[in-house]
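Summary of the model geometry
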Amino acid sequence: MRKLAFAVLCLTLCANAFAQAFPTKPVRFVSGVTPGSASDTMARLLAERLQAKWGQSVIVENRLGAGGLVGAKYVAQTEPDGHTIMMYASAFTVSTLLSPEVLNPKELQPVAMVATIPTILVGAPGRYKDVKDLVAAAKAQPGKLVCSDAGIGSATHMNFERFRFSAGIEVINVHTKGVSEALTEVISGRADCYFALVFQAKRMVEGGKVVALATGSPKRSSLMPDVPTTLELGYANSDYNFWVGALVPSKTPRAIVDKLHADITAEVQSPQISEAIRKLGCDPLPMSVKEFEALIARELEENAGLIKKAGIKAE
């Protein structure tokens, strides 16, 4: 028993020593989305700051495909030493359910939550004055109204599914090839509504091309603070938290996970990065590793039920 305890102590001390020395070589943030998108930009902001802090090169590498699963699978198969980090979004708790043969969510370990990207339910000008008006129209004409989204399993799709079940409405859901197409459907009048990301919605609202009906996130956006949430308007469980966070291979030593969490979270909470995140239309969302783990576990359970209820299938 004493030998076992001594061995455990030695392993713990070695892991802690390794964590203190981390990183010992260049670090890579893997982004599953295109350069210039919000989560990719956050990865680049953090990379620049962490490079100065760590004294090692920190680069961002884009590996696109399958809703981020291509990049995530790549990271899951790398050496679990903390030097390869996946910058993923809430698609993690959807894509892994729709395509379990590609990646098991247990293959990645949550490290640090970075931010949340609020969504705004938008509609064509002059069509609906508010959410109640939209819901009333949908109930009066079941299966007639159209709601676009940026693709099956996207945050805009999942937000819509949560809202329609909460509101008790039946509408036609049009899955487009991306954000631009989904917004175009609303602007042209072919779609009645769309849960746009807040920085996209703000530009369109200010340009008079769409109207903001409600915020689809748990809290109001700092970018559009006057737009109430669907929760505030009485639609329980209609919100969707579109988050962005960092994950590493599941066998990464806890001491390294804790080191990465501390360093990334410190940057997220710094005035410079917090302000940069807000300029992207996002809100910083720091939390502990345990809180991040619990959030993912809860989302996997909730999304599994929603996917089954809505009959969602991978493309």
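Above this text sits the structure in question.
Everything numeric in this text was worked out from a predicted model, so none of it was measured.

Let's talk about helix H6 (residues 155–167)
A rise of 1.5 Å per residue sets the reference length of H6, with its 13 residues, at 18 Å; its end C-alpha atoms lie 18 Å apart and thus fit the reference within 8%. Most of H6 sits out of view: 11 of its 13 residues are buried. Listed in full, the buried residues belonging to H6 are Ala155, Thr156, His157, Met158, Asn159, Phe160, Glu161, Arg162, Phe163, Arg164 and Ala167. Just beyond H6, the residue with positive phi is Gly168, at close to 70 degrees.

Things to note about the sheet that holds strand E5 (residues 119–123)
Read across the sheet, 3 strands follow the order E8-E5-E9 without closing on themselves; strand pairing throughout is antiparallel. The sheet is open, and its two edges are formed by strand E8 (194–197) and strand E9 (211–215), each paired on a single side. Strand-to-strand twist in this sheet, taken as the mean axis angle between neighbours without regard to direction, amounts to 45 degrees. Of the strand pairs in this sheet, E5 and E9 are connected by 4 bridges, and their pairing is antiparallel. Residue pairing across strands places Leu121 opposite Ala214, the latter belonging to E9. Contacts from helix H7 (residues 179–187) reach E5 and E8, with the element oriented near 130 degrees to E8. Lying on the sheet, helix H8 (residues 198–206) is in contact with E5, E8 and E9; it crosses E8 at an angle near 105 degrees.

Structural notes on the pairing of E8
Neither face of E8 is open: one carries Tyr194 and Ala196, the other Phe195 and Leu197, and all of them are buried. With 4 bridges connecting them, E5 and E8 associate as antiparallel partners. Across the sheet, the residue bridging to Ile120 is Ala196, located in E8.

Rules used throughout
- Residues numbered from 1 in each chain as written.
- Predicted model: local features only at pLDDT ≥ 70, side-chain atom pairs only at ≥ 80, totals over all residues.
- Heavy atoms only, no water.
- Helix = DSSP H or I, 4+ residues; strand = E, 2+ residues; numbered from the N terminus.
- Expected span 1.5 Å × (residues − 1).
- Buried < 20%, exposed > 50% of the residue type's maximum accessible area, 1.4 Å probe, protein only.
- Pairing = 2+ DSSP bridges.
- Axes fitted to C-alpha atoms, helices over the stretch in contact; angles between N-to-C directions.
- Contact = heavy atoms within 4.5 Å.

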